[in-house]
Amino acid sequence: MPTLTELFLNKPPIPVPAERINAPKLICEAALKSKIIDQLMPGPLKNETSENIVCALSGWPILPNEPMGINANRTNVGSTFHDEPDLVDRTSNVVNEWSLNLLRGEFLKAPGNAVITEEGFFKFSTAKDIAWWLLNQPTTPFIMAKKTILNPQHVLWKAPVNLSNQIFFMQQGNNLLKINRANVFKTLDILSSTQNYRGKIEENPEEKKTKKDNDIAPVHPFFSLDSFSKDAMNFAVDHPTLNAIGVKMLQDFGNLSIGDIFMVGIVISAQRRPEDWEEVLNRTTPAQF
């Protein structure tokens with residue numbers, strides 16, 4: 001039976017863009033296509049100087065006569081903007097028109113869990129959605145973002161544009177996770193082909209299990225693998241009952257980043273119900289908003 005590596009690793013590379021990609025513009029135009037917003041909120045001001053001004057959120061220059069808005073989150077004593085450290089220029093008191101729109105409430109809830117391409121917004125919230133995107137990477141520049149709370153959260157304007165579909169970045173709340181698809185697939189393939197990596201090696205892992213034991217049967221060598229944890233660092237703790245097979249399996253994993261381990265947890269979650277995993281494998285198009 002083909003492995004995930006054999007089935008999904010090879011993807012056409014993303015062509016090198018001719019120009020630098022304006023991430024706020026990409027997000028806003030995609031939001032219009034997917035009807036996340038009905039229209040672009042125009043910048044109430046213009047750059048009336050003869051020089052470029054730096055956008056506080058994105059760092060993009062605001063050219064003379066270009067529209068812009070006030071940066072209401074400008075650094076000041078007593079500022080309550082929790083994402084202030086992520087501003088590109090904390091001294092700038094203006095944002096460009098695209099970045100101004102990213103501060104709207106429409107971007108802070110469900111659309112904060114999204115894969116964004118020039119084609120629009122696509123769902124990136126459930127384990128099935130995320131696993132599908134791991135298997136079926138975009139072949140055009142994309143943004144990948146995941147909130148860590150149910151409440152409104154600034155995620156999108158901090159997320160970078162990905163120009164590789166093999167090693168890419170996902171903005172997870174305030175964390176930026178790096179994911180290497182080759183590492184993730186290799187790890188999942190090792191997990192699927194390795195048994196009996198906890199406890200005594202001579203034991204048959206299918207024997208002597210109570211109903212409760214079956215409900216929590218180990219499917220990974222980590223102490224915890226909560227794929228939706230707010231703190232991805234909780235994933236990377238080796239389980240204390242690993243035997244020699246389990247230790248060797250960990251060594252075979254290679255150097256996994258926190259993002260790699262996050263994706264391993266996502267796929268394991270999606271595989272818990274066979275019908276869910278079948279949906280991931282057989283879905284031909286991404287789920288749209």
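Only a predicted model underlies this, so the values are computations on that prediction, with no experimental measurement involved.

J.: Which residues make up the environment of Met-41, and what are the values?
T.: Here Met-41 shows up in the loop between α2 (23–33) and β1 (45–46). Residue classification places Met-41 among the partly exposed positions, given a relative accessible area of 35%. For the pair formed by Met-41 and Trp-98, sequence separation is 57 residues and the distance between their alpha carbons is 8.6 Å. With sequence-adjacent residues up to four places away left out, Met-41 is seen in contact with Glu-97, Leu-100, Asn-101 and Arg-104.

J.: I'd like a description of the confidence of the model for the protein chain, backed by residues and values.
T.: Residues at a pLDDT of 70 or more form 82% of the protein chain, whose mean pLDDT is 84. Within the model, pLDDT remains below 50 along residues 208–218, and this stretch shows 5 contacts once partners closer than five positions in the same chain are excluded.

J.: How would you summarise the environment of Ser-193 if you had to cite specific residues and measurements?
T.: Position of Ser-193 among the secondary structure elements: in helix α5 (residues 181–193). Along the chain, Ser-193 and Thr-3 lie 190 residues apart, while their C-alpha atoms are 9.8 Å from each other. A polar contact is formed between the side chain of Ser-193 and the backbone oxygen of Asp-189, at a distance of 3.0 Å.

J.: Summarise the packing of aromatic side chains; cite the residues concerned and give the values.
T.: For the structure shown, the criterion picks out 5 aromatic pairs. Arranged with centres 6.1 Å apart and planes meeting at 80°, the rings of Phe-121 and Phe-289 form a pair that is edge-to-face. Highlighted residues: Phe-121 in strand β7 (residues 120–123) and Phe-289 in the segment after α9 (274–282), separated in sequence by 168 residues. By relative accessible area, which is 0% here, Phe-121 ends up buried. For Phe-289, a relative accessible area of 33% puts it in the partly exposed group. Taken together through their ring pairs, the aromatic side chains of Phe-107, Phe-121 and Phe-289 make up a single cluster.

J.: Outline the sheet that holds strand β10 (residues 175–180), listing residues and values.
T.: With respect to topology, 5 strands assemble into an open sheet ordered β7-β6-β8-β9-β10, the strand pairing being mixed. Each end of this open sheet is capped by a strand with a single partner; those strands are β7 and β10. Direction aside, the axes of adjacent strands within the sheet are offset by 25° on average. Seen against the sheet, α5 touches β9 (167–172) and β10 and runs at an angle of roughly 70° to β10.

J.: Give a detailed account of the pairing of β10, specifying residues and quantitative values.
T.: Bridging between β9 and β10 involves 6 bridges; their strand directions are antiparallel. Following the sheet pairing, Met-170 is matched in β10 by Leu-177. Where β9 hands over to β10, the hairpin turn is made up of 2 residues, of which Gly-173 adopts a positive phi near 60°.

J.: Summarise the nonpolar core; cite the residues concerned and give the values.
T.: Grouped together as the largest cluster of nonpolar side chains are 39 residues, with contacts concentrated most on Phe-124, Met-144, Met-263 and Trp-277. Within the residue set of this core, elements represented by two or more residues are α1 (4–8), α4 (127–135), β9, β10, α5, α7 (244–253), α8 (258–271) and α9. Core analysis: the next-biggest nonpolar cluster, separate from the first, contains 29 residues, Cys-55, Leu-102, Phe-107 and Ala-145 among them.

J.: Break down the sheet that holds strand β4 (residues 67–70) for me, with residues and values.
T.: What the 3 strands build is an open sheet, ordered β1-β4-β5; its pairing is antiparallel. Only two strands of the sheet have a single neighbouring strand rather than two, namely β1 and β5 (94–96). Where β4 and β5 come together, 3 bridges link them in antiparallel fashion. Counted as the bridge partner of Met-68 is Asn-96 from β5.

J.: Break down the pairing of strand β8 (residues 143–146) for me, citing the residues and quoting the values.
T.: Regular strands have side chains that alternate between both faces of the sheet. Residues Ile-143 and Ala-145 line one face of β8 and the alternating positions Met-144 and Lys-146 line the opposite face, and both faces are buried. The pairing of β8 with β9 spans 2 bridges and is parallel. Counted as the bridge partner of Lys-146 is Gln-172 from β9.

Conventions we followed
Residues numbered from 1 in each chain as written. Predicted model: local features only at pLDDT ≥ 70, side-chain atom pairs only at ≥ 80, totals over all residues. Heavy atoms only, no water. Helix = DSSP H or I, 4+ residues; strand = E, 2+ residues; numbered from the N terminus. Buried < 20%, exposed > 50% of the residue type's maximum accessible area, 1.4 Å probe, protein only. Contact = heavy atoms within 4.5 Å. pLDDT = per-residue confidence, 0-100. Polar contact = N/O pair within 3.5 Å; in protein donor to acceptor, adjacent residues only side chain to side chain. Phe/Tyr/Trp six-rings, centres within 6.5 Å; stacked < 30°, edge-to-face > 60°. Pairing = 2+ DSSP bridges. Axes fitted to C-alpha atoms, helices over the stretch in contact; angles between N-to-C directions. Core = buried A, V, L, I, M, F, W, Y, C linked by side-chain atoms within 4.5 Å.

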